[in-house]
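Single-letter residue listing:
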Amino acid sequence: MLPTKFCGLYEIAESVNLRMSKPLTCLILNLLVAMALLLTACSYSPTTPPQTTPENGFKGTVLIGGIFDLSGASAVEGREYAAGILAYNSLFNSKGGANGYKVELKVADFAAKAPLAIEEYQSLLKEGAVAFLAWDTADTLAITRQLQTDRVPLLSASYDEELVRDIKQQSYNFMLVPSYSDQIKLALLYAKRNRTEAAQTEQTRVGFLFSDDQFGRFPQQVGRDYSSSHNITWFHEGVLLPSLDQNNLLFEANRLKLAHPEYTFIQARPALTAETLKAMQAMEIPTLFLGLNYTGGVEVPQLAGKAAEGFMVTSVMAYPEEQEPGLAEIQLWLTEHPGAISASSTTKLTPLSTDKVLTPRFIQGWVTMRVLAEGIRRAVEANPPTKGQTLQLSGDKIKEGLESLREFDTGGITPSLNFSPTNHKGTDSIRIFRVENGKWKPITSYLSLASLEYQDSQPTPTPTPTITPTPNFIPVRATVNLPTPKSLATSIPVRATANPPTPIPPVRPTANPPTPLPIATPIPPPVRPTANPPTPRVVPTLAPIRSPITKR
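None of these values were measured; they are calculated from a predicted model.

(A) Molecular detail of the overall build of the chain. Each helix and strand in the chain was counted, giving 15 helices and 13 strands. For the chain, the proportion of its 552 residues judged to be buried stands at 44%. Excluding contacts between residues fewer than 6 apart, the proportion of contacts in the chain whose partners are at least 24 apart in sequence is 68%. With the model as given, the accessible surface of the chain reaches about 29,700 Å², and the carbon-plus-sulfur share is 56%.

This is the structure in structure tokens:
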């Protein structure tokens, strides 16, 4: 029996006066449709990148995809991150792009739903995207499962250790800064090394307050395991409800007050972090609070007020208040392009202008795009099209371009970044920031996890004991008017003086005389002859004969 799935097209054939029987027409149309579908399926493959076309004076375009949360649970931060990416891409293209090729970014909203992120990824891949940018841990992990097959690199705002743990199985993920796991390890060692003097004899006791979601729980097990192997007590845990429930906060504050750890980690988004700090201040809990990079933000001091004073975070990038060349470049671009990143039905981005406070998420997006753009530029430079041909740039070539970055300068926003075929973490260093007078201030230089682990592994040096000199030991100085001590009498002639000292009688020998202590013997001065030289006294020979003493 002939297939009839597309036989509704028979009427189209009749409308153009094709005189054929209906079964024959259906057969021909089915064959044509099947051939079209086959050609569509073969139009893209990881090894056959799409051809580019010139646009607005460029030699061609390189298409990349951006999948962000623009309307879901983390939409506020997601829009800021995406805006930073679009802003740097605009600057990059204004300077000629990737060796004359425009980098075109297509943005998709996955609304904090991982299945939708996969759909958007597959759609952009079919359109010809050869590299990707992502936002959250859930969507990045979902997409990662397909990267190895599709052979396209991805940079994300998620710093989950799973993304780069096995570079052989996940060789297309790139991470700019230390992972969340590395951050909590480093923060634990920082807490251990900066204890009060009174607590130096005990183990460091830490607590952990986390939001009741995937974001809050992910560093929990890493912290437990690392603490047990580094003489740190993982002392207390508490659950924070993302709904900002005040009864929940009061309950956890009471529990923490009873536990009284030295340091308490907060792993929650900025709004919940601020409410938690206020609840803890109301209970006057004597502990130091510390969080990972996403618990910090310009809004935490604003929302928590004085309760935020002293709160510390691990910072993977510079804060807006700092004076770094890379931050000055961003401010200049925003000043020259007010409202350039505007809201639309496509991007759903919040309009940015010079009166909007520059946020860490915008900076993060800017730097992430800066790294990817440099990888693309190097890939184009290393693989120029032959004469008369269009650029054929694959994800593998961009991966190689990223892996060639050495000591890459981000204008001071991060440490210098280094990638290689065996390392897809740009740096292992972070700084600790603290809220002081309502502002984030760095309180450390860049700290390396490897360096702190090495220092922690070294044995504590044994203090050098204080040597108490022997009570009878009196060092003899070569002076003119210094009488000779009894126990160290020698035969050194002494120069005559107007008031000679009374002669010291000899010391009676004992059966087991003590061994005299060694002393430095000064060079004796020459003896002047006298008219009536004294007769030396003879000491009875009962033991080793001591030196006679000259009689004046």
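Next comes the rest of the description.
(B) Quick peek at the packing of aromatic side chains. Taken as a whole and judged by the stated rule, the model has 20 aromatic pairs. Between Tyr 88 and Trp 366 the ring centres are 5.2 Å apart and the planes differ by 75°, which places this aromatic pair in the edge-to-face class. Here Tyr 88 is found in helix α3 (residues 75-94), whereas its partner Trp 366 is found in helix α13 (residues 360-382), with 278 residues between them in sequence. Three or more aromatic residues link up through ring pairs in this structure, and these residues are Phe 68, Tyr 81, Trp 135, Tyr 159, Tyr 180, Phe 215, Phe 218 and Tyr 294. Here the basic side chain of Arg 205 rests over the ring of Phe 235, its NZ or CZ set 5.1 Å away from the ring centre. Directly above the ring of Tyr 172 sits Lys 399, whose terminal nitrogen or CZ lies 5.6 Å from the centroid.

(C) Up close: the environment of Arg 431. Along the polypeptide, Arg 431 turns up in strand β11 (residues 429-436). In sequence terms Arg 431 and Thr 414 are 17 residues apart; their C-alpha atoms lie 9.8 Å from each other. With residues up to four places along the chain from it excluded, the contact list for Arg 431 reads Val 313, Thr 314, Ser 315, Ala 318, Glu 322, Pro 442, Thr 444, Ser 445 and Tyr 446. Engagement of the side chain of Arg 431 in a polar contact is seen with the side chain of Glu 322, the distance being 2.9 Å.

(D) Examining the pattern of salt bridges more closely. With the rule as written, the count across this model stands at 18 salt bridges. Arg 224 is the salt-bridge partner of Glu 237, the closest N and O atoms lying 2.8 Å from each other. Taken together, the positions of Glu 237 in strand β7 (residues 232-240) and Arg 224 in helix α8 (residues 220-228) put the pair 13 residues apart, joining distant regions of the chain. On the accessibility criterion, Glu 237 (22% relative accessible area) is partly exposed.

(E) Focus on the confidence of the model for the chain. Per-residue confidence for the chain gives a mean pLDDT of 78; residues scoring 70 or more make up 69%. The low-confidence segment residues 538-552 (pLDDT under 50) makes 15 contacts with residues lying over four places distant or belonging to another chain.

(F) Focus on unusual backbone geometry. Of note, the phi angle at Ala 111 is positive, near 50°, even though the residue is not glycine. You can see Ala 111 is positioned in the loop between β2 (101-109) and α4 (114-127). The backbone phi angle of Glu 284 is positive, close to 55°, even though this residue is not glycine. Its place among the elements puts Glu 284 in the loop between α10 (270-282) and β9 (288-291).

(G) Summary view of the pairing of strand β8 (residues 263-267). When you tally the buried positions in β8, you get five out of five residues, the bulk of the element. Here β8 shows a buried face lined by Tyr 263, Phe 265 and Gln 267 and a second buried face lined by Thr 264 and Ile 266. Relative to β8, strand β6 (residues 204-211) runs parallel, the two sharing five bridges. Counterpart to Phe 208 in the pairing with β8 is Phe 265. The sheet contact formed by β8 and β9 spans four bridges and is parallel. Within β9, the position partnered with Phe 265 by the bridge is Leu 290. Where the polypeptide runs from β8 across α10 and back to β9, its parallel neighbour, the crossover connection is right-handed.

(H) Structural view of the packing of α4 against helix α5 (residues 137-150). Their axes nearest at 8 Å, the elements α4 and α5 cross at an angle of 35°. The handedness of the crossing between α4 and α5 comes out as right-handed. Facing Ala 114, Ala 117, Ile 118, Tyr 121, Gln 122 and Leu 125 of α4, the residues of α5 in contact are Ala 138, Asp 139, Ala 142, Ile 143, Gln 146, Leu 147 and Asp 150. Here the contact of α4 with α5 is built from residues that sort into nine nonpolar, two polar and two charged.

(I) Structural detail: the sheet that holds β2. Here five strands make up an open sheet; going across it, the order is β2-β1-β3-β4-β5 and the pairing parallel. Strands at the two margins of the open sheet, each flanked by one partner only, are β2 and β5 (173-174). Pairing of strand β4 (residues 154-156) with β5, which is carried by two bridges, proceeds in the parallel orientation. Within the sheet, the bridge partner assigned to Leu 154 lies in β5 and is Asn 173. Against the sheet, α5 makes contact with β1 (60-68), β3 (132-134), β4 and β5, and its axis sits at roughly 170° relative to β4, the strand it touches most.

Procedures and definitions
Residues numbered from 1 in each chain as written. Predicted model: local features only at pLDDT ≥ 70, side-chain atom pairs only at ≥ 80, totals over all residues. Heavy atoms only, no water. Helix = DSSP H or I, 4+ residues; strand = E, 2+ residues; numbered from the N terminus. Buried < 20%, exposed > 50% of the residue type's maximum accessible area, 1.4 Å probe, protein only. Contact = heavy atoms within 4.5 Å. Areas by Shrake-Rupley, 256 points an atom, 1.4 Å probe, with all protein chains shown as cover. Phe/Tyr/Trp six-rings, centres within 6.5 Å; stacked < 30°, edge-to-face > 60°. Lys NZ or Arg CZ within 6 Å of the ring centre and 35° of its normal. Polar contact = N/O pair within 3.5 Å; in protein donor to acceptor, adjacent residues only side chain to side chain. Salt bridge = Lys/Arg side-chain N within 4 Å of Asp/Glu carboxyl O. pLDDT = per-residue confidence, 0-100. Pairing = 2+ DSSP bridges. Right-handed = clockwise from strand over helix to strand, strands pointing away. Axes fitted to C-alpha atoms, helices over the stretch in contact; angles between N-to-C directions. Left-handed = near helix turned anticlockwise from the far one by under 90°. Nonpolar A, V, L, I, M, F, W, Y, C, P; charged D, E, K, R; others polar.

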